[in-house]
Amino acid sequence: MKNGWSDTDAAHFVTQYAPQWGTDLALRTYSSRLLGAEKELVLHGGGNTSVKTTWVNILGEKQPALFVKSSGWNLATITPEGHAPLALPFLQRLQSLPELNDADMVRVVRANRLDPDAATPSIEALLHAFLPAKFIDHTHADAILTLSNQVGGAQLLAEALGEEVIILPYIHPGFALAKAVAQAFAQAPASRGMVLMHHGLLTWGETAEAAYAATVSLVNRAEAFIAQRLVGSPPSVARVTVAEAMERYAAIAPLLRGALAVRTTDPDHPWQRFILRPLITPDVLALLDRADSRALLCTPPLTTDHLIRIKPLPLWLEEGATTAAQIHAAVEGYRQDYLAYLEQASGGGEPPAAGWFDASPRLLLMPGVGVVCVGHTAAEAEMARDLAVQTLAVKGTMARMGGRYAGVTTQEQFAMEYYGPQRAKLGAGVPLPLGDCIALVTGAAGAIGSGICRELLRQGCHLAVSDLPGAGLDALVAELRATYGERVVPVAMDVTAAQSVAAGLRQVVQTWGGLDLLVLNAGLAHVSSLEEMQVEAFQRLHRVNVEGTLHLLSALARHFRVQATGGDVVLISTKNVFAPGAQFGAYSATKAAAHQLARIAALELAPLGVRVNMVAPDGVFSEGARPSGLWAAVGPDRMKARGLDAAGLEAYYQNRNLLKARITATHVARAVVFFATRQTPSTGVTLPVDGGLPEATPR
Ligand code: ZN
């Protein structure tokens, strides 16, 4: 890796932050960002940094302080607030204690924050307090882990890094590790760094630049040592291409997702589902093709702080195992093994309370397909994916060196997987009602569609935003992504073409592993009397409103059968199905056909646990600044038919219902959410959203 230090950039940080926070913390922020920018050094909040400097208290007195990275901050994006100020002299005195349990350690560190609003400091805070150096950098560098996680790793590290680096055997993070680090340093005060076996690297210095330069130079030495060992051992080449593997993945993903889903005792919500993210690259496919792949990769994570994200072991799925029965058996076997691990590792003591753990794998290794990364949300699955990229790369390099992987013991894994401060990183919080749901909304770019999208995202959905390709879809996706990030994907789809529908569905499956909720919202309208009806106009509406509905219902029925975890469909129908309007024959008739298809789907799909319901709104004119495309098309004709202007037409619709209600996209969206969250055991039901129109009330 390159030394990224720049005096110009450092000066910029000083200018920006020193006036409020002091030069030390400004430079601490700068070099922390340099470390965080390197994926080969730290991932997802891993690693931590500190500086010993002064804190000015409320009386204007200067007192010695340790600023140490807080949990929840990423080095890549840290600001001065990301380092919590702690009362250094008191924390240093804790060294005199013979031992200190984790709960007390966390409490005493939190109690010694100089700013009570600062976030909880890293669990490695005492390590930073006990080491005397001013600046300390701690990373989980790939090159160091490549050596430290091999059989004979200490020997290799000594060879690679030389005399001035201390090598410390694995110790569970906490008080014992902090003391051991301090003692090892006291015995070799001239050393410039320390490797914590199966964990990472510590370097230090009197300046931010010196500590950072020590990290860079030690990592470079390890990298050079590894490169030398790789000469004459080129990486292997995969049997299948990424495109082939991606096709295979699309075929198998719904089965995997179905097998991973966990049965609940709630009949309205019988499945807790996962979100899947594939990791399919030439390197990964080649690694999975190695003859020793299973022995190499079905091993513990590189560092124990990965355990909460990817569990002690991945699930291995043999290449031929592609039937539902085989996949279910493999997942079930994994869960049994995991429970046995909990039982064994807790040593007959208290195993974690039920409900506090789940036994499902987070990484699935599939030769010829790739790696499937699993999480309760896309964000979690993405984190597992990043860790998988790093883990596989390191283990692959190690294998090419001819090394054998050495992880920590089962007891050590358990201790860290269920370590309180680690579990806290998973976040408690009440999950959103549709947090495990993958939804697709057609006709999303319109007024009602965009309103439905917004409401489903608010409820936690992972959402495929679908419409014809174009500016409307792009603008909506950009808008939704600004708030909901990776939970939004655009799916350009023409509902009138079965192939386009199949491709769209495949795209959703490849992105998140499956689909649980379909909102059929795409629709066209046309104003004409039967007397003057052009059959082409009628056919155009038929293709979208009827055939489009049919294509999606057919494709989803097949998908739901494979995924085998139920599902929901909501059709946006119309009050015209029950109370058609003159001049609105093409629309009313084709929507009635779609409505009837949905009712049939309710009958046919109930045995699969799929509920199909209809929402029947009266006219919705706009959603925020987004006008209804449907009304833009038919509004002028409807106005003419009724002798009204635009405002008059809207008022006419409002005044014709019992509640004198203006119907909005949000109202329609709430009805969709009512069905999607399964508030009642209902299927084949129509919910009017029309302010009360007696002649349109379904009966
Ligand atoms: Zn660490």
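Everything numeric here is computed off the predicted structure, so don't read it as measured data. Numbers given to residues run from 1 along each chain, matching the order in which its sequence is written. Selection of residues for local features in this predicted model requires a pLDDT of at least 70, selection of side-chain atom pairs for listing and counting requires 80 or more, and totals for whole chains, interfaces and linings are taken over all residues. Working from all heavy atoms in the structure, the side-chain values ignore hydrogens and water.

### Looking at the coordination of the zinc ion
Donor criterion used throughout: N, O or S atom within 2.8 Å of the metal, extended to 3.2 Å for Na, K and Ca. Water excluded; incomplete-looking sites may result. Distances from the zinc ion to its protein donors, H138 (NE2), H140 (NE2) and H199 (NE2), fall within 2.1 to 2.3 Å. Written as a sequence motif, the donor arrangement for the zinc ion is H-x1-H-x58-H. Of the two residues, H138 sits in strand β4 (residues 135-139) while H199 sits in the loop between β6 (193-196) and β7 (200-205), which places them 61 residues apart along the sequence. Both residues of the pair, H138 and H199, belong to the buried class. Only DSSP runs of H or I covering at least 4 residues are called helices, and only runs of E covering at least 2 are called strands; the numbering of each starts at the N terminus. Whether a residue is buried, partly exposed or exposed follows from its accessible area with a 1.4 Å probe, protein chains only, as a fraction of its type maximum: under 20%, in between, or over 50%, in that order.

### Some thoughts on the pairing of β7
A large share of β7 lies buried, amounting to 6 of its 6 residues. The sheet contact formed by β6 and β7 spans 4 bridges and is antiparallel. If you follow G193 over to β7, its bridge partner there is T203. Any two strands are treated as partners once DSSP identifies two or more bridges connecting them. Adjacent in sequence and paired antiparallel, β6 and β7 are bridged by 3 residues, among which H198 carries a positive phi angle near 60°.

### Some details on empty space enclosed by the protein
Unfilled space is identified by rolling a water-sized probe across the atoms. The pocket and cavity definitions rest on a 1 Å grid over protein atoms only: a 1.4 Å probe that fits but cannot leave marks a cavity, an open set with protein on both sides within 12 Å along at least five of seven lines marks a pocket, and residues lining either have an atom within 4 Å of a point. Grid points are joined across faces, edges and corners, and a volume is the space filled by probe spheres set on the points. Counting across every chain of the model gives 4 cavities of 30 Å³ or more. Of the volumes computed, that of the largest cavity is approximately 90 Å³. What lines the largest cavity is a set of 14 residues, among which L297, P314, L363, T391 and K395 lie closest to the centre. Elements with a minimum of two residues in the lining of the largest cavity: β12 (363-366) and α15 (378-400). In terms of residues, the lining of the largest cavity owes the most to one element, α15, which gives 3 residues.

### Comments concerning the packing of aromatic side chains
The criterion for an aromatic pair is that two Phe, Tyr or Trp rings (for Trp, the six-membered ring) have centres within 6.5 Å, with stacked assigned to planes under 30 degrees apart, edge-to-face to planes over 60 apart and tilted to the rest. Counting across every chain of the model gives 12 aromatic pairs. The interplanar angle of 85° and the centroid separation of 6.1 Å between the aromatic rings of F130 and F175 together place this pair among those described as edge-to-face. Of this pair, F130 sits in helix α5 (residues 125-130) while F175 sits in helix α8 (residues 175-187); the two residues are 45 residues apart in sequence, bridging distant segments of the chain. Exposure remark for F175: the relative accessible area of 3% places this residue in the buried category.

### Considering the domain arrangement of the chain
By convention here, the domain bounds are inherited from an automatic or database domain assignment. Considered domain by domain, the chain is made up of domain 1 (7-229), domain 2 (242-426) and domain 3 (438-618 + 664-696). Using only C-alpha atoms to locate each centre, domain 1 and domain 2 end up separated by 30 Å. Note on contacts: a residue pair is in contact if any heavy atoms of the two residues lie within 4.5 Å. Listed by partner, the interface residues are 25 residues for domain 1 and 27 residues for domain 2. As a working definition, buried area equals the accessible area (1.4 Å probe) given up by two parts on being put together, with both sides summed. In total, domain 1 and domain 2 occlude about 2300 Å² of area from one another, counting both sides; carbon and sulfur atoms represent 64% of this. Any Lys or Arg side-chain nitrogen found within 4 Å of a carboxyl oxygen on Asp or Glu counts as a salt bridge. Applying the counting criterion to the domain 1 and domain 2 interface returns 1 salt bridge.

### Some remarks on helix α24 (residues 646-655)
For α24, the complete set of buried residues consists of G648, L649 and Y653. Seen end-on, α24 carries its buried residues on one side only, within an arc spanning 140°. You can read the cap of α24 off the contacts: a side-chain oxygen lies 2.7 Å from the backbone nitrogen of G648, and it is on D645. The reported arc concerns the directions from the helix axis to the C-beta atoms and nothing else. A 3.5 Å cut-off defines polar contacts: any pair of N or O atoms within that distance qualifies, except that in protein one atom must be a possible hydrogen donor and the other a possible acceptor, and neighbouring residues in sequence count only when both atoms are side-chain atoms.

### Overview of the sheet that holds strand β10 (residues 275-279)
Reading across the sheet, the 4 strands line up as β10-β13-β12-β11 and stay open at both edges, with mixed pairing between neighbours. Two strands in the sheet have a free side with no partner beyond their single neighbour: β10 and β11 (315-316). One ladder, built from 2 bridges, connects β11 with β12; its direction is parallel. Looking at the pairing, W316 lines up with L365 of β12. In this analysis, axes come from line fits to C-alpha atoms, helices being fitted only over the stretch in contact, and the angle between any two N-to-C directions falls in the range 0 to 180 degrees. Packing of helix α11 (residues 282-289) onto the sheet brings it into contact with β10, β11, β12 and β13 (370-375), and relative to β13 it is tilted by some 105°.

### Some details on the pattern of salt bridges
Applying the stated criterion to the full structure yields 22 salt bridges. A salt bridge links E159 to R229, with the shortest nitrogen-to-oxygen separation between them at 3.1 Å. In this pair, E159 is assigned in helix α7 (residues 153-161) and R229 in helix α9 (residues 208-230), connecting sequence segments 70 residues apart. Here E382 ties to R277 by a salt bridge, and the two come within 2.6 Å at their closest N and O atoms. A residue pair is termed long-range when its members are at least 10 positions apart, and E382 in helix α15 and R277 in strand β10 qualify at 105 residues.

### Looking at unusual backbone geometry
The backbone of K311 shows a phi angle near 65°, a positive value even though the residue is not glycine. Tracing the chain through its elements places K311 in the loop between α13 (307-310) and β11. Look at R678: it is not a glycine, yet its phi comes out positive at around 55°. As for its placement among the helices and strands, R678 is situated in the loop between α25 (665-676) and β22 (686-689). For R678, a relative accessible area of 8% translates into the label buried.

### Examining the environment of E244
On the secondary structure map, E244 appears in helix α10 (residues 242-260). In this structure the C-alpha to C-alpha distance between E244 and E479, which are 235 residues apart in sequence, comes to 34 Å.

### Focus on the packing of helix α18 (residues 447-458) against helix α19 (residues 471-484)
Interhelical geometry of α18 versus α19 gives an angle of 15° and a closest axis separation of 11 Å. Of the possible angle classes, the one that applies to α18 and α19 is roughly parallel. The handedness of the crossing between α18 and α19 comes out as right-handed. On α19, the residues touching S450, C453, R454, L457 and R458 of α18 are L476, E479, L480 and Y484. Residues are sorted three ways: Asp, Glu, Lys and Arg are charged, Ala, Val, Leu, Ile, Met, Phe, Trp, Tyr, Cys and Pro are nonpolar, and all the rest, Gly among them, are polar. Looking at the contact of α18 with α19 residue by residue, the class counts come to 5 nonpolar, 1 polar and 3 charged. Angles below 35 degrees are treated as roughly parallel, those above 145 as roughly antiparallel, those between 65 and 115 as roughly perpendicular, and all remaining angles as oblique. A clockwise turn of the near helix away from the far one marks a right-handed crossing, whereas an anticlockwise turn of less than a right angle marks a left-handed crossing.

### Brief notes about the packing of α7 against α9
Where α7 contacts α9, the axes come no closer than 9 Å and their chain directions differ by 110°. One finds that α7 runs roughly perpendicular with respect to α9. Counting all contacts with α7, which are made through L156, E159, A160 and L161, the residues of α9 involved are L218, R221, A222, F225 and R229. When its residues are assigned to classes, the contact of α7 with α9 shows 6 nonpolar, no polar and 3 charged.

### Thoughts on the side chain of Q390
Tracing the backbone shows Q390 in helix α15. Once you skip the residues sitting within four places of it in the chain, Q390 turns out to touch L43, H140, D142, L145, L302 and H306.

### A few points about the pairing of β12
Residues L363 and L365 of β12 are buried on one face, and the alternating residues L364 and M366, pointing to the opposite face, are buried as well. Connecting the antiparallel pair β12 and β13 is a turn made up of 3 residues, with G368 showing a positive phi of about 80°.

### Some details on the nonpolar core
Of all hydrophobic cores here, the largest spans 65 residues; its most connected members are Y249 and L256. Among the elements that take part in this core, α10 stands out by supplying 8 residues, more than any other. Two domains each provide a minimum of three residues to this core, namely domain 2 (242-426) and domain 3 (438-618 + 664-696). Once residues lying within four places of it in the same chain are set aside, the contact partners of L256 are Y249, L276, L317, I327, L364, M366 and V372. Membership of the second largest hydrophobic core comes to 42 residues, among which are A18, A65, I78 and V165. Residues belong to one nonpolar core when they are buried, are Ala, Val, Leu, Ile, Met, Phe, Trp, Tyr or Cys, and are joined through side-chain atoms within 4.5 Å.

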